[in-house]
Amino acid sequence: MLHSEFESLGLMPACLEALRHEGYEKPTPIQSASIPSLLAGRDLLGCAQTGTGKTAAFALPTIQRLTTAANKRQPRKARSLVVAPTRELAIQIDASFAAYGRKTELKRACVYGGVGKVPQIKAMERGVDVLVATPGRLLDLKNDGAIDLSAVEIVVFDEADRMLDMGFIHDVRKIIALLPPKRQTLLFSATMPAEIESLARSLLDNPVRVDIEPEKPAVELIAQSLYYVEKGCKRDLLVHLIKELGVSRAVVFSRTKHGADRIAKTLHLAGIPAGVIHANKGQGNRTKTMDAFRAGETPVLVATDLAARGIDVDDISHVFNFDMPTEPETYVHRIGRTARAGASGSAVSFCDTEEKRLLKQVERLLGTAIPVVKQHPYAGVKPAPTEEDLRDAMFEARSKERMRARGQGRGRQGSPLGAPRGGQAQSPRQQPAPAGGQRRDGRQPPRGGQARQDGQRGRGQPDRRDGSGNRQGQGSPASARPAPRRDAPRYEPPARSSRDVRSVIDEITGRRS
Ligand code: AMP
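On a predicted model such as this, the values are computed, not experimentally measured, just so you know.

Peer 1: Where do I start with the sheet that holds strand β12 (residues 318–321) in this structure?
Peer 2: Sheets are built from strands that pair by backbone hydrogen bonding, the pairs being arranged parallel or antiparallel. If you trace the six strands from one edge of the open sheet to the other, you get β8-β13-β12-β9-β11-β10, paired in parallel fashion. For this open sheet the edge positions go to β8 (223–228) and β10 (274–277), each flanked by a neighbour on one side alone. Here the strands of the sheet are splayed against their neighbours by 20° on average, with no regard to which way each runs. In terms of strand pairing, β8 meets strand β13 (residues 346–351) through six bridges, oriented parallel. Across the sheet, the residue bridging to Ala 223 is Ser 346, located in β13. Along the sheet, helix α12 (residues 234–244) makes contact with β8, β9 (250–253), β11 (300–303), β12 and β13, crossing β13 at roughly 160°.

Peer 1: Whenever I open this one, the sheet that holds strand β3 (residues 108–111) confuses me. Can you help?
Peer 2: Strand order in the open sheet made by the seven strands is β3-β4-β2-β5-β6-β1-β7, with parallel pairing throughout. Of all the strands in the sheet, the pair left with one neighbour each is β3 and β7 (208–211). Recorded for the sheet is a direction-independent mean angle of 15° between the axes of neighbouring strands. For β3 and strand β4 (residues 128–133), the ladder comprises four bridges, and the chain directions are parallel. Looking across to β4, one finds that Cys 110 is bridged to Val 132. Together, β2 (78–83), β3 and β4 form the strand contacts of helix α5 (residues 87–100), whose direction differs from that of β3 by roughly 175°.

Peer 1: I would appreciate a short explanation of the side chain of Asp 94 in the present structure.
Peer 2: Position of Asp 94 among the secondary structure elements: in helix α5. Judged by its relative accessible area of 14%, Asp 94 falls in the buried class. In contact with Asp 94, other than residues within four places in its own chain, are Arg 108, Ala 109, Cys 110 and Val 132.

Peer 1: What exactly am I supposed to notice about the nonpolar core here?
Peer 2: Among soluble globular proteins, nonpolar side chains are generally buried collectively. Of all hydrophobic cores here, the largest spans 41 residues; its most connected members are Leu 11, Phe 58 and Phe 97. Elements supplying a minimum of two residues to this core: α2 (13–22), α3 (29–39), α4 (54–68), α5, β4, β5 (154–157), β6 (184–188) and β7. Excluding its chain neighbours within four sequence positions, the residues that come into contact with Phe 97 are Phe 58, Ala 59, Thr 62, Ile 63, Val 82, Arg 108, Val 130 and Val 132. Ile 147, Val 155, Met 166 and Phe 168 belong to the second-largest nonpolar core, a separate cluster that totals 35 residues.

Peer 1: Sorry if this is basic, but what is going on with α4 here?
Peer 2: Compared with an ideal rise of 1.5 Å per residue, which puts 15 residues at 21 Å, α4 spans 22 Å between its outermost C-alpha atoms and is within 8% of the ideal. When you tally the buried positions in α4, you get twelve out of 15 residues, the bulk of the element. When α4 is considered as a whole, its buried residues turn out to be Lys 54, Thr 55, Ala 56, Ala 57, Phe 58, Ala 59, Leu 60, Pro 61, Thr 62, Ile 63, Gln 64 and Leu 66.

Peer 1: Sorry if this is basic, but what is going on with the pattern of salt bridges here?
Peer 2: Side chains that differ in sign of charge can pair as their charged atoms come close. Applying the stated criterion across every chain, the model contains 20 salt bridges. Notably, a salt bridge pairs Lys 234 with Glu 355, separated by 2.8 Å at the nearest N-O pair. Pair noted here: Lys 234 is in helix α12 and Glu 355 is in the loop between β13 and α16 (356–366), with a separation of 121 residues, a long-range link. In this structure Lys 234 comes out as buried when scored by relative accessible area, which is 0%. The partner of Arg 255 in a salt bridge is Glu 355, and the shortest N-O contact between them spans 3.7 Å.

What counts, and where the lines are drawn
Residues numbered from 1 in each chain as written. Predicted model: local features only at pLDDT ≥ 70, side-chain atom pairs only at ≥ 80, totals over all residues. Heavy atoms only, no water. Pairing = 2+ DSSP bridges. Helix = DSSP H or I, 4+ residues; strand = E, 2+ residues; numbered from the N terminus. Axes fitted to C-alpha atoms, helices over the stretch in contact; angles between N-to-C directions. Contact = heavy atoms within 4.5 Å. Buried < 20%, exposed > 50% of the residue type's maximum accessible area, 1.4 Å probe, protein only. Core = buried A, V, L, I, M, F, W, Y, C linked by side-chain atoms within 4.5 Å. Expected span 1.5 Å × (residues − 1). Salt bridge = Lys/Arg side-chain N within 4 Å of Asp/Glu carboxyl O.

Written out as structure tokens, the structure reads:
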């Protein structure tokens, strides 16, 4: 029978129907390992990432227990609470509860910062069965008297290590103090730093432990490549590669918000529709950007590490590490956005002279060197900085100063959005070369040479003409920067067959189970 495996976990018909509607045929390992114990009311400590089916593993038993328990909703109270580090993740979790609970009468609310409080306060007025929240806004609304956590029966802390990284651990402790002692508690964390371990010890009562680690196998499924390129040529190389590599849907990771904006601008001018997502974008804007990316209207999403773990979009063919991450683990999270692609995912990293140290850290973590693409149109090109580069360098130096000052002033000025503590702008950054000092006139990129990717499949011709007809890499190295054209033809990503999420999950998680 089709759903016998889900049935044998003890799930009720309403959940089985929802799963059928989702097209899930069998449980993922984390679901098999967690659901029976959670239905029995046990606490759980889970070591798992997004992509393993973790959300359903905690949402299904929560839905079932809330449905079968006799307790009623009460004004401003939540019967269950899921705490997540980012708004994106909170929204995704809420959507999962909506999908898995479609055959139930459960009421939900999702609260997060960056948007008005009033609709969230209204949503809580009569009480809810499921409340998904980011820590800051949750405490805000609690302090406003709009949320009461005294009736929480089930609480889930998702991506606890990330909450720690983002400086939310104090908020998490405050939230815990507001919960009733008699409850079921679930805690998920991809890694177990000492603080999370001690939190887990104090929080959980004889928990079941579930350990699913998709990261390493996922990395093995991704074709990784590395391009040594100077900072001033990175954006041109990106435009070139998006057109050259048959990119259908890509995420480009920038270390800074300002950098992300600049990348998106360059892509637009080259006819490549791109959305930008970072902390300075309002929530409405972020949601619109994610929707357009999901729908394929914008084939490229430029993001800061805010999005490194939260993006749950299928069919991402390429991840570009425009800047090397300051924390090696971030590299794995970033490229994991394409892990859902199984063997067809590609991760392309750019490394400039000053990022070699960061690259070494990543390679140490991976236990292997990333294959280098030696021949490309910008190999060895050292452009003189433009005025914009100089402005950027000043901007970065200033924001670094500000971050440092704030870091000294306040202990809790952790990394925004999942970057290492100390902030995105604290990474060592490239200073521009003195104007004219690095020009090496006469050095041209190889003419139409075959792009070769060591240890990987060939990459076609690095034609010095980009799709808009601009000549790239001609004349002096400084002119390797093609003049942006406003009339560049729109980039049409190649069609890509849709992937079977189930088999990807089976493949990734099955290796470890
Ligand atoms: P998560 O780890 O919760 O972010 O889930 C990753 C993806 O797997 C989501 O797109 C889910 O819809 C999907 N998924 C979860 N459980 C299953 C399952 N049993 N079979 C197929 N897909 C699933």
